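# Examining the three-dimensional arrangement
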Amino acid sequence: MSIPARPHCHSQEWNLSMSSSVSSKMLSATAAEIRTQFIEFFKERGHDFVPSSTTCPMNDPSLRDTFANAGMNQFKPIFQGTLDPTSPLHGVKRATNSQKCIRAGGKHNDLDDVGKDTYHHTFFEMLGNWSFGDYFKEEAIGWSFELLTKVWGIDPDRLYATYFEGDPKQDLPADLETKAIWGKYLAEDHILPGNMKDNFWEMGDTGPCGPCSELHYDRIGGGRNAAAMVNMDDPDVLEIWNNVFIQFDRLEGGELRTLPAQHVDTGMGLERIVSVLQDKRSNYDTDLFGPLFEKIQALTGARAYNGKLGDEDEGGVDEAYRVIADHIRTLVVAITDGTTPSNEGRGYVLRRILRRAVRYGRQKLGAPQGFLTDLAPTVVELLGGAFPELANDPGRVIGLIADEEESFGKTLDRGIKMYETIGTTELANSWWKYGKAQGKKPGIHSGGTAVFPEDAGYSEDHRYTHEDRISLRFGDDVIWSGKFTDFNLSQFPEPIQIQISGEDAFKLYDTYGFPIDLTQIMAEERGLKVDLEGFERAMEAAKERSRQGGKKNDGERVVELRAEQIAKLGVLHVKTTDDSHKFSGHDTRASVKAIWNGKKFEDHASLGSDGMHRIGIVLDKTCFYSEMGGQVADAGELRCAKSGGVFKVEDTKSFGGYVLHIGRISKGKITCTNDVICHLNTKRRIKIASNHTTTHLLNFALREVLGNSVDQRGSLVNDEKLRFDFVHNSPVTPEEIAKIEEIVNHQIDQNLTVYSQLAPLEQAKDIAGLRAVFDETYPDPVRVVSIGIEVDQLIGNPTNDAWKTASIEFCGGTHIETTTIAQSFALTVEEGIAKGIRRITGLTGELAGKAFAAADELSKRVDALGSLELGELKEAFQQVGNDVDAMELPAARKNALRAQLGSVAKKLKEASKAQAAAKAGMAQELAMGIANAAKGSSEDIIITTLDLGSDRNALEAAVATISKAVPEKAVMVFSTDAQNNRVAVMASVSESMIGRGLKAGDWIRETTSIMGGKGGGRPNSAQGSGSDVGKIKEAAEHARTWAYKQVQG
RNA sequence: GGGGGGCUAACUCAAUUGGUAGAGUGCCAGCUUUGCAAGCUGGAAGUUAGGGGUUCAAGUCCCCUGCCCUCCA
């Protein structure tokens, strides 16, 4: 890592005009040092360092399409009171870190502002300290003041603190406590009241919330009072630290309740505090960005970064620097964390960021293709120290960025072609209108021919292409000619107005992602205008269409436990659920502790009152597995012997350690404190467990076949299938697939015992050959699942290389007892889901058996194809082919069948081709005789009948042969297909005969109508058919007389 | 989740109200030519993404599926 010891100064002038409040020692601190100082400060005060969570959380539904955007994201379950007791965060009272945040997409979207000012970012770091039901306002405020003024040496005279002024409408009192605490540190006129918007923090419409206190800093200082500028978007008086005091829980309907445990959540933007401590007026002038700017300059050859904004920033060069530097940080971080640029959700946000950066680079800095890719390593150097994960596989990140840059180039090129087509059309249309308005004779020629000759009719619908060379005329005078790319209004001899329509501009935006300003720039280059209002209208219309499309809601009540309910259960002395029986899955006697109907706790639930709705039941213990780690929840029943009540469990979820059995009463009544028997749907459980254990075997086999670099990236296990995603750079070959399937089946056949047992994390981590998910945090003690070797043996001698021959994983899921219960494994699908990530889907048990049986059956059918005649083969081949494609088969077998079918297809093709060629040859031969006879004849019209069936190609060959031999004549050939009682007929008419009034299309129509058929075509060539073979003679006769009538008439 | 556009030879793309699926590049062969993406002639190469429908006739129109691009939530 190379971070320059001295920060780069791009705006020296500001340093001169500002009186620095920061001690000279701090002025030389680097961003890395500042980050460390913050974390160390809080560690010294009893905080645990909890590393930044991923920016791309998979398990937070509120962030599915966006990114981690605040320091508290990973602590949300703590604030909500839903943290699982086995979580590593359980028991943490004080935490601190620097969290990676991305603000783009979703509600907080700063993307469009980035670059235009000195402080918006899509990626930033949030320094934070947290108290989870531990210290509160007094300590939080005291420490923030201490860090800022004592450690970092900021003059207190420059600081302003805000507190919540209260809101009578919501019955919220002013936060006078906070005001009083600040009174100990700051002058009275530096403590300011703030409203709901600025000083009351809420996570969402519901959930934890509370007053907050912001700290603002005045960059100018010099004894002035800047209180009036606080929260006024003044770049010199900026918020640097927000202390949130989580006091309340907001319920559905708006009611506020005081939380059982109160928390502190603080956030300080690293980029901002660094700008303050390095005495820079802009975040971009700090050493977090300086090295990036230097690299951008080196890669693009643009002038150096000047730090200018708005109109002062000539050509938008500085803006481009800021955009690119910001975006590349976001890209490297987000891609490292597992998001791939794509066309949906979070990945799409990323793609847009990348394209925005590329566009700014190309347009404003003249950057070459690939410059963004080359910038990525600099980000790794800059941030890799704080976030070591960036250095794990930078090659993958760089490869992805390179691919995206390239594919963006393609989309751009396609869009430019479309733009030029639009421009050509607009130019022609405008020319016509202009000419008419001038009272002259406008004309448009294209490719040497007059598309719209002078003063003739005109159609605005005429399609031009992007490379049409057009000439614009008045009468015979050519006013301008060339391609649209040559056009420039300033050099055009006539004062014509040309405008790109709003619809076209929107089409460019909608189909090729051209932002409207790009279209405008491209239009202005040639002197064209863009109809912006029309664009807005088209945009609105499209949004409306999009809205109309999807509106559905299953209306099912969501049954879950929130912080308030979890706290209530605590008050009621309900202990968290003992779910240790979930591993055995045997029927368990338990007692009902609480019944939650989605709105309140009830004493009992019966078929009459709640049978229709889903409700939740909490027991003291359970054998049900709740959804976790990619394994679906168990289903089954709770039966009450005493009351005869039965509760169907549809889903099982865990909230803060309480297992909620979700489902409906199907019989009788369930009452609190009743004893019930938990009874699993055992068949379903066995299927799930089979799939889960087999997933472990698959993971093991993958390493055996593909090597150690095969890291797990996700998995899903339910009662129907198993799915496993892993890192691998190329498709898994058919041979490898077969080998993997074989290894798994071999292990199943050996009937290995599946051992699982809790073990101390430290020792378990050292087990040789252990498979664990990277970046995952495991509880201590951790559950070790080992197939074929007892866990005690492993722990006794963890580093024994012998263990590498077995599947050993950390896993909290449920498994079968021995491997043969899974019966067999069918690897059905191998596919790529993102660059460098493959997915395998497989089946076990009965379903696997079915897949193998289906493959056997298809195999027989494919073999049987070899003995079929050509006629039968065609149909049978298609049938088998469809079945092979449609059926769920082991992938190895499917591959083999496809290959076998491929060679059959080749044979089939060759045979039918030979047949067609023979037929055509025969047709030609027959036709030749007729042609020779015709040559000597004086007849202008030749009508004949050949026996070619309904083979269109043969008929065509015959007609072509004759008309080639007698190019001045009109030819009609009938062909009978006795089998289907159909007649095919085709006609070819020479130019001279057309001139004399005979058109092939009309001729065919006349003729086929006699035979009960239809047909048509163009003047020179037409075809049709009839359904009455017996009438050929009559039809031919009519064709002859009708044709002569046309020619003579 | 929804809207719009697309999928044609190995590659890049054409194909008028539905009426004979083509061009350039590349490939193969021959000729010409001692050079840097050379010239001429000839040739092979297509399940028009897959399936269904309408029609005398579908690359073209309608429906379904898959994949890609793009926009909106």
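So, here is what we can say about the structure in this document. (Residues numbered from 1 in each chain as written. Chains lettered and ligands numbered in written order. Predicted model: local features only at pLDDT ≥ 70, side-chain atom pairs only at ≥ 80, totals over all residues. Heavy atoms only, no water.)

### As for the overall build of chain A
The cut-off we apply is this: Numbering of helices and strands runs from the N terminus, with a helix taken as a DSSP run of H or I at least four residues long and a strand as a DSSP run of E at least two residues long. The cut-offs for exposure are 20% and 50% of the maximum accessible area for each residue type, with area from a 1.4 Å probe on protein chains only; residues under the lower value are buried, those over the upper are exposed, and the others partly exposed. Note that accessible areas follow from Shrake-Rupley with a 1.4 Å probe, and for residues the cover is restricted to the protein chains shown.
Along the backbone of chain A there are 29 helices and 36 strands. The C-alpha extent of chain A, read off along each of the three principal axes, is 120 × 80 × 60 Å. Counting every position in chain A, which comprises 1049 residues, the buried fraction comes to 51%. As displayed, chain A offers around 48,000 Å² of accessible surface, 48% of which is attributable to carbon and sulfur atoms.

### Considering unusual backbone geometry
Phi angles above zero are rare outside glycine, and H573 is one such case at about 60 degrees. With respect to the helices and strands, H573 occurs in the loop between α17 (563-571) and β16 (588-596). H573 sits in the exposed class, given a relative accessible area of 71%. Positive phi is not limited to glycine here, since T673 has a value of about 75 degrees. Summarising the element assignment, T673 is placed in the loop between β23 (669-671) and β24 (675-680).

### Some points on the sheet that holds strand β33 (residues 970-977)
To be explicit about the condition: The pairing criterion for strands is at least two bridges between them, as found by DSSP. For helices, the fitted axis covers only the stretch in contact; all axes are lines through C-alpha atoms, and the angles between them, taken along N-to-C directions, range from 0 to 180 degrees. Contact definition: two residues touch when any of their heavy atoms are within 4.5 Å.
Strand order in the open sheet made by the five strands is β32-β33-β34-β36-β35, with mixed pairing throughout. The sheet is open, and its two borders are formed by β32 (941-946) and β35 (1014-1017), each paired with just one other strand. Neighbour-to-neighbour, the strand axes of the sheet open up by a mean angle of 10 degrees, direction not taken into account. Along the sheet face, helix α29 (residues 1032-1048) touches β32, β33 and β34 (982-989) and points at about 165 degrees away from the line of β32.

### Details of the nonpolar core
The criterion, for reference: Residues enter a nonpolar core if they are buried and are Ala, Val, Leu, Ile, Met, Phe, Trp, Tyr or Cys, with the set joined through side-chain atoms within 4.5 Å.
Of all hydrophobic cores here, the largest spans 124 residues; its most connected members are I240, I273, I328, L372 and I401. The element contributing the most residues to this core is helix α13 (residues 394-438), with 13 residues. The contacts of I240, once residues within four sequence positions are left out, are L148, L159, L215, H216, Y217, G267, M268, G269, I273 and V276. With 29 residues, the next largest nonpolar core counts L702, I737, I748 and C811 among its residues.

### Re the sheet that holds strand β29 (residues 808-810)
Reading across the sheet, the three strands line up as β27-β28-β29 and stay open at both edges, with antiparallel pairing between neighbours. In this open sheet, the two strands that pair with only one neighbour each are β27 (754-759) and β29. In this sheet, adjacent strand axes meet at a mean angle of 20 degrees when their direction is disregarded. Packed onto the sheet, helix α19 (residues 682-706) meets β27, β28 (782-787) and β29 and runs at close to 75 degrees relative to β28.

### Observations concerning the protein's contact with RNA strand B
Defined as follows: One heavy atom within 4 Å of a molecule or strand makes the whole residue count as near it. For the purposes of these results, a polar contact is taken to be a pair of N or O atoms within 3.5 Å, where, inside protein, one atom must be able to donate a hydrogen and its partner to accept one; residues adjacent in sequence count only when each atom of the pair is a side-chain atom. When residues are grouped by polarity, Ala, Val, Leu, Ile, Met, Phe, Trp, Tyr, Cys and Pro land in nonpolar, Asp, Glu, Lys and Arg in charged, and all others, Gly among them, in polar.
Among the 31 residues in the neighbourhood of RNA strand B, the closest are listed as Y348, R351, R355, D510 and R1018. Sugar and phosphate atoms constitute 61% of the interface atoms of RNA strand B, taking the interface as everything within 4 Å of the protein. A distance of 2.4 Å separates a phosphate oxygen of RNA strand B from a polar atom in the side chain of Y509. Here a sugar or linking oxygen of RNA strand B and a backbone polar atom of T511 are 3.4 Å apart. Where the surface near RNA strand B is concerned, the elements lending two or more residues are α11 (345-365), α13, α14 (502-512), α16 (532-549), α25 (891-936), α26 (952-965), β35 and β36 (1021-1026). Of the residues assigned to the surface near RNA strand B, the class counts are three nonpolar, 15 polar and 13 charged.

### Topic: a negative patch on the surface
What counts, and what does not: Each patch is assembled from residues with relative accessible area greater than 30% and no salt bridge, linking like charges that lie within 9 Å and nonpolar side chains (Val, Leu, Ile, Met, Phe, Trp, Tyr) that lie within 5 Å. Salt bridges are identified by distance alone: a Lys or Arg side-chain nitrogen within 4 Å of an Asp or Glu carboxyl oxygen. None of His or the chain ends enter the tally, which takes Lys and Arg as positive and Asp and Glu as negative. Charged groups are reduced to one reference atom each: NZ for lysine, CZ for arginine, CG for aspartic acid, CD for glutamic acid.
A cluster of acidic residues, D155, D157, E188 and D189, forms a negative patch on the protein surface. If you trace the backbone, D189 turns up in the loop between α6 (176-183) and β5 (191-194).

### Looking at the packing of aromatic side chains
Counted only if it meets this: Centres within 6.5 Å make a pair out of two Phe, Tyr or Trp rings, where for Trp the six-membered ring is used; the pair is then stacked when the planes are under 30 degrees apart, edge-to-face when over 60, and tilted otherwise. The rule for a charge over a ring is simple: NZ of Lys or CZ of Arg within 6 Å of the ring centre, and within 35 degrees of the ring normal.
For the structure on display, the rule yields 33 aromatic pairs. Judged by centre distance (4.7 Å) and plane angle (50 degrees), the rings of Y284 and F289 are tilted. You'll find Y284 and F289 in the same group, each marked buried. For the pair W431 and F492, a centre-to-centre distance of 6.0 Å together with 90 degrees between the ring planes defines the contact as edge-to-face. Taken together, the positions of W431 in helix α13 and F492 in the loop between β13 (477-483) and β14 (499-500) put the pair 61 residues apart, joining distant regions of the chain. Considered together, W431 and F492 belong to a single accessibility category, that of buried residues. An aromatic cluster is built from Y419, W431, Y434, F474, W480, F484, F487 and F492, whose rings are joined through pairwise contacts. Over the ring of F41 we find R45, and its NZ or CZ is 3.6 Å from the ring centre. Directly above the aromatic system of F67 lies the positively charged group of R346, at a separation of 5.8 Å from the ring centroid.

### What about the environment of E830?
Assignment of secondary structure puts E830 in strand β30 (residues 825-834). Between the C-alpha atom of E830 and that of G105, which follows or precedes it by 725 residues, the distance is 32 Å. Sequence-distant contacts of E830, that is, excluding residues within four places in its chain, are made with P731, V732, I737, R838, R839 and I840. A polar contact of 3.3 Å, which involves the side chain of E830, links it to the backbone nitrogen of V732.

### Here's the deal with the state of the cysteines
Spelled out, the test is: Throughout, disulfides are identified as pairs of cysteine sulfur atoms within 2.5 Å of each other.
Here the structure, examined in full by the defined rule, presents zero disulfides. There is no disulfide at C101, and the cysteine sulfur nearest it, in C56, is 12 Å away. According to the relative accessible area criterion, C101 is buried, its value standing at 0%. Not part of a disulfide, C209 finds its nearest cysteine sulfur in C212, a span of 11 Å.

### What about α6?
The following threshold applies: Directions are taken from the helix axis to each C-beta atom, and the arc is the one they span.
Every buried residue of α6 is listed here: T178, I181 and W182. In a view along the axis of α6, the buried residues occupy a sector of 100 degrees, so they form one face of it. Exposed and facing more than 90 degrees away from the buried side of α6 are L176 and A180. Elements that come into contact with the buried residues of α6 comprise α5 (137-151), β4 (159-164), β5, β7 (207-218) and β8 (237-250).

### Considering the packing of α5 against α6
This is how the line gets drawn: Each crossing is labelled by how the near helix is turned from the far one, with a counterclockwise turn of less than a right angle marking it left-handed and a clockwise turn marking it right-handed.
Contact geometry for α5 and α6: axes closest at 10 Å, N-to-C directions at 40 degrees. For the pair α5 and α6, the crossing hand works out as right-handed. Contact residues: K137, E138, I141, S144 and F145 in α5; E177, T178, I181 and W182 in α6. The residue inventory of the contact of α5 with α6, partitioned by class, reads four nonpolar, two polar and three charged.

### Things to note about the pairing of β7
Of all twelve residues in β7, twelve are buried, a share of seventy percent or more. As paired elements, β4 and β7 share three bridges and run antiparallel to each other. Residue Y160 lies in a different strand from β7, and its bridge partner there is H216. Across three bridges, strand β6 (residues 200-202) lies against β7 in antiparallel orientation.

### Quick look at the pattern of salt bridges
This model, assessed by the stated rule, comprises 36 salt bridges. Across the pair E650 and R664 runs a salt bridge, and its minimum N-O distance is 2.8 Å. Remark: R664 occurs in strand β22 (residues 658-667) and E650 occurs in strand β21 (residues 646-655); sequence separation between them is 14 residues. Residue classification places E650 among the partly exposed residues on the basis of a relative accessible area of 34%. Residue R664 is classed as partly exposed on the basis of its relative accessible area of 23%. A cluster of three or more residues bridged by salt bridges with shared partners is formed by E44, R45 and E146.

### A word on the side chain of N718
Counting through the fold element by element, N718 comes out in the loop between β25 (712-717) and β26 (722-727). Residue N718 is classed as buried on the basis of its relative accessible area, which comes to 13%. If sequence neighbours within four positions are ignored, N718 has contacts with V632, K687, I688 and N691.

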